[in-house]
Every structure is written in C-alpha cells, then in structure tokens.
Amino acid sequence: MASSAGVVNIRRDVDDKFYRYRMPVLLTKIEGKGNGIKTVIPNMADVARALSRPPTYPTKFFGCELGAQTSVDEKNDRYIVNGAHDAARLRELLDGFIEKFVLCRACKNPETDLVVTTKNRHEDIVRDCKACGELTGVDMRHKLTTFILKNPPKNAKKGKKKGGNGEANNGNGDEGAEDDGGGSDDELTQRIKAEAAELNTDAALAKEDWSVDTSEEAVRARVKALEGSMAAAVLAGDDEGGDDDDGADGPYGVLGVWIEENRADAGAVQVYKKAQELGIEKKHKTVLVLIQALFDTNVVAQIPTYAPLLVKMVTSEKHQKALLGGVERLVGIAHPELVPAVPKILMALYQVGVLDEEVVTQWGTHVSKKYVDKDISKRVRKASEPFLKWLEEADDDDDDEDEED
Ligand SMILES: [Zn+2]
C-alpha cells in the first residue's frame, strides 16, 4: 500500500516503526480562489481503504468539524472540502475521525467494522472489533452519525472473522453475514455486558461541563431525590393495574432504597438484575423510580453510564412517558437548579436512544399534573423548548448540505 507519498501509523500517537496498521499520509491540494476556494484530498480513497471505511465518512467528518460544505464524486475519486484548509489541520482531524469512528474503544485496534443496530426503533452505531471481539458504541452526538445512518457501511458483517492477518483490508465478501435480527435475549444480555464494560469511558466522555459532586450536600440531595422517587411511585399508582406495590415496602420502594445504598458500586447490569429479582424489570413505573434514584445533579454525565440499562428497560411509549415523568420529578422537585439543563438532559436521553421524537414532542406541548404540580410541569416544558426546536430543525435540514461537484 506504500506510495511515494509516504506512509504513517494509523495511530499517529504510536511511535513504533513496526506497528502493523499503516495508512498513506493524507494529502491536500488547494484549488480555486475567492469564494470558490476549496481543498481537494487526492488520496482520500487510499486513506479510507486503509481504515476500512468508505471515503465519504472521513470527508463528511471534516465538513462537520470545520463547519464546511463537502462534495464527493466517488466515480472520479474527488473528495473536496470547501474553503482552504492546511494539510496538518486535516491530518489532525483525521486522527480524531480514527479515534471516534475506527479504533476499538476497548483495545484501540483499528480492525473494526461499523455496524448499525436498531433498538426501540432507535439506531445506534457500534464498532465491532475483530481483534478483541468487543462492541463499542460511537458517540451518537457527533453529527457524522446522522450521515452514517443515512449511508450505512455496505460491508457491515455481523459475524466475526477470526485470525486477522493484520492487514486492515476492505474485503467486500458477505460470507459470515448472519441475520440475527437483534432480537434474542442472549444478544441483549451480551450487549449489556459489552456496554457495561465501557461505562467508565462513556461517563468520561459525557462529563465535559459537569463536575462530579461528592460533597455532603450532594449526597443529601440524592437522598432527597430518593424520597421523591418513593413519592412518585406512590403517586403513579394509577395505571399499572392497581397493584399495591406502592409503599416503601413494595418492590418499587425496595428498588429505590437498594439503588441509593448500592449506587456507588452497582453498574447497569446489577441494577437490572435487582429489578428482575423484584419482578418489576418490565414495568414502566420502574423507569420512573430509576430516573430519580440513579441520577442527581450530574444527570447529563450519568445518562450515558446507564444507557444500556435504560435501553433495555424503556421498551414502549408508556415507558418513555414514565421516563419523562421521572425527569420532571428529578428537576422539578429534587433539583430545581437543574431546570435550565432540561434540554441537555433530553438530548442525552434522545442520544442514547430511549426517547422518540414524537413522544417527547407530544410531552413537551402538553402540560400534565400526573407527576408534578401544574406550575412545575409548565416550567419544565418551557425549559425544554430549545431541544424541541432543535428536533424540529434536525428534521428539516436533510440533505441540503450535500452538494455535488
Ligand atoms: Zn478491540
């Protein structure tokens, strides 16, 4: 694969001449002038081949990162980013693309396939690692994910091929493709385990502007939130078939207390097992309790941590409504200081795939006294407006940023 242009390690941070994963150095060429100035990447196809990704992905990634339009002519191998961008900058961005969309997050090996999975009518993109076998999710907040979902990888294989010979090639055979429909419980459990293994990385990712608060005050606030969760479980007793599970001794109360006591050590899997043990893992009211018992002022960072759990438990519109009810109680009662963070919270839930656009839109436009009083209900919905607006706009701007050359 070497060319006169030179070859570098796919992971440029690895300073090892014998590192087996190599790619051509990304080249750039500025064309045109004035408003029409653009940066052509003459060897994008070769670079992308070394990464086992379609060349449109890194090109589009550059566009997202630079806020620039891109154009692609695959037949003639023309990959273009509008504006003048220097090679060093684009190489840095390529490192970012590799980190976010190529390397296995568990073992950092570049031999991965991107696989689109669908759960609860929500799509997710995971890196399927041939080296260590882990499935690691990509950050669904990145704009490129929208493009990938619209243009899914053609050679995505579900079956794992053994015995990588080190050459990250782009073989297109579809031997090994299996239709597993994603429905078996075993697969779900496996996925939960895989995702649980990477919870820490996920949490770190989402932490950006939320710091962990372990002060006594924060702990007190969590206890208060828990009290809220019991009350909520009692309040919401009107629609799960009139069971008398609602007191502190009922399964919901027991789960809430258990989570509060074990939250520091219990991961998503343990929480799920506890709910299962109590026989309420399928109830929507359980979701209402979870939101309040698991989350505190760090909710935005905590959501990705518990994403596998939420994905497994939020399985219907009713569950989504309970989820939103939990959010109302969390920000309206336990942590009023979180009201301005409502758009971020909804975004985080949307991005892990447990909120449908229609459900959240319907929720946001209809005040309800079901979980909180009317004033709080109004305030929370008012605060959610920027997110709802974003949803509406994300719907509108479809392909208009793609321009054929
Ligand atoms: Zn791996």
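Residues numbered from 1 in each chain as written. Predicted model: local features only at pLDDT ≥ 70, side-chain atom pairs only at ≥ 80, totals over all residues. Heavy atoms only, no water.

As recorded by an unreviewed UniProt entry, the protein carries the name W2 domain-containing protein and is attributed to Plicaturopsis crispa FD-325 SS-3. What UniProt states about the protein under its Sequence similarities (unreviewed entry) heading is, verbatim, "Belongs to the eIF-2-beta/eIF-5 family." (UniProt positions renumbered as here; feature names shortened; annotations may be inferred.)

Caption draft 1: Broad picture of the packing of aromatic side chains. Summed over the entire model, instances satisfying the criterion amount to nine aromatic pairs. Through pairs of rings, three or more aromatic residues link up here, namely Phe61, Phe97 and Phe101. (Phe/Tyr/Trp six-rings, centres within 6.5 Å; stacked < 30°, edge-to-face > 60°.)

Caption draft 2: Examining the nonpolar core more closely. Formed by 56 residues in total, the largest nonpolar core has its most connected members in Phe295, Ile303, Leu309, Leu323, Ile345, Leu349 and Val360. Setting aside chain neighbours within four positions, we find Ile345 in contact with Val299, Val300, Ile303, Val327 and Val331. In terms of nonpolar packing, the next biggest core, distinct from the first, is built from 34 residues, Met23, Ile41, Phe61 and Val72 among them. (Core = buried A, V, L, I, M, F, W, Y, C linked by side-chain atoms within 4.5 Å. Buried < 20%, exposed > 50% of the residue type's maximum accessible area, 1.4 Å probe, protein only. Contact = heavy atoms within 4.5 Å.)

Caption draft 3: Spatial organisation of helix α16 (residues 374–383). Those residues of α16 lying buried are Ile376, Ser377, Val380, Arg381 and Ala383. Buried residues along α16 cover an arc of 160° about the axis, so they all sit on one side. Across α16 from its buried face, at more than 90 degrees, point the exposed residues Asp375 and Lys382. Capping of α16 at its N-terminal end is provided by Asp373; its side-chain oxygen lies 3.1 Å from the backbone amide nitrogen of Asp375. (Helix = DSSP H or I, 4+ residues; strand = E, 2+ residues; numbered from the N terminus. Arc of directions from axis to C-beta. Polar contact = N/O pair within 3.5 Å; in protein donor to acceptor, adjacent residues only side chain to side chain.)

Caption draft 4: The sheet that holds strand β5 (residues 70–73), seen in detail. Across the sheet, four strands lie side by side as β3-β4-β6-β5; this open sheet has antiparallel pairing. Of all strands in the sheet, those bounded by a partner on one side alone are β3 (29–31) and β5. With strand direction ignored, the average angle separating the axes of adjacent strands in the sheet is 25°. By the bridge criterion, three bridges tie β3 to strand β4 (residues 38–40) in an arrangement that is antiparallel. When the sheet's bridge partners are listed, Lys29 is paired in β4 with Val40. (Pairing = 2+ DSSP bridges. Axes fitted to C-alpha atoms, helices over the stretch in contact; angles between N-to-C directions.)

Caption draft 5: Main features of unusual backbone geometry. Phi at Ser52 takes a positive value of approximately 55°, unusual for a residue other than glycine. Residue placement: Ser52 occurs in the loop between α1 (44–51) and α2 (56–66). Its identity is not glycine, yet Asp77 carries a phi of approximately 55°, on the positive side. By secondary structure assignment, the location of Asp77 is in the loop between β5 and β6 (78–82).

Caption draft 6: Local environment of the pairing of strand β7 (residues 112–119). When you tally the buried positions in β7, you get six out of eight residues, the bulk of the element. In this sheet, strand β8 (residues 122–129) lies alongside β7 in antiparallel orientation, the contact comprising eight bridges. Across the sheet, the residue bridging to Val116 is Ile125, located in β8. Where β7 folds back on β8, the antiparallel hairpin that results is connected by two residues, among which Asn120 adopts a positive phi of roughly 50°.

Caption draft 7: Spatial organisation of the confidence of the model for the protein. In the predicted model, the protein carries a mean pLDDT of 78, and the fraction of residues at 70 or more is 73%. For the protein, the element scoring lowest by mean pLDDT is helix α6 (residues 199–207), at 37; α2 scores highest, at 97. Taken together, the stretch residues 195–214 has pLDDT below 50 and engages in 40 contacts with residues farther than four places along the chain or on a different chain. (pLDDT = per-residue confidence, 0-100.)

Caption draft 8: Structural detail: the pattern of salt bridges. As enumerated under the stated definition, the model contains 15 salt bridges in all. In this structure, Arg49 and Asp46 form a salt bridge, with 3.1 Å as the shortest nitrogen-oxygen distance. You can see Arg49 and its partner Asp46 sitting in helix α1, three residues apart, about one turn around the helix. Overall, Arg49 belongs to the partly exposed group, its relative accessible area being 45%. Across the pair Arg141 and Asp139 runs a salt bridge, and its minimum N-O distance is 2.9 Å. Here the residues in one salt-bridge network are Lys29, Glu31 and Arg78, joined through shared partners. (Salt bridge = Lys/Arg side-chain N within 4 Å of Asp/Glu carboxyl O.)

Caption draft 9: Region of interest: the pairing of β5. Sheet analysis places β5 next to β6, joined by four bridges and oriented antiparallel. Its bridge partner lying in β6, Ser71 is registered against Ile80. Between β5 and β6, which follow one another and run antiparallel, lie four residues, and Asp77 among them has a positive phi close to 55°.

Caption draft 10: Up close: the sheet that holds β7. Spatially, three strands are ordered β7-β8-β9 in an open sheet, and the strand pairing comes out antiparallel. On the outer flanks of this sheet lie β7 and β9 (135–137), each paired with one strand and no other. Averaged over all adjacent pairs, the angle separating strand axes in this sheet is 40°, with direction ignored.

Caption draft 11: Layout of the side chain of Arg53. Looking at the secondary structure, you find Arg53 in the loop between α1 and α2. Buried charge Arg53 goes without a salt bridge, the closest partner of opposite sign being Asp113 at 5.1 Å. When sequence neighbours within four positions are dropped, the list of residues in contact with Arg53 reads Ala48, Phe97, Phe101, Val102, Thr112, Asp113 and Leu114. (Lys, Arg positive; Asp, Glu negative; His and termini not counted.)

Caption draft 12: Just the environment of Glu111, in detail. Position of Glu111 among the secondary structure elements: in the loop between α3 (87–101) and β7. For the pair formed by Glu111 and Lys130, sequence separation is 19 residues and the distance between their alpha carbons is 5.8 Å. Within polar-contact distance, the side chain of Glu111 engages the side chain of Tyr21 at 3.0 Å.

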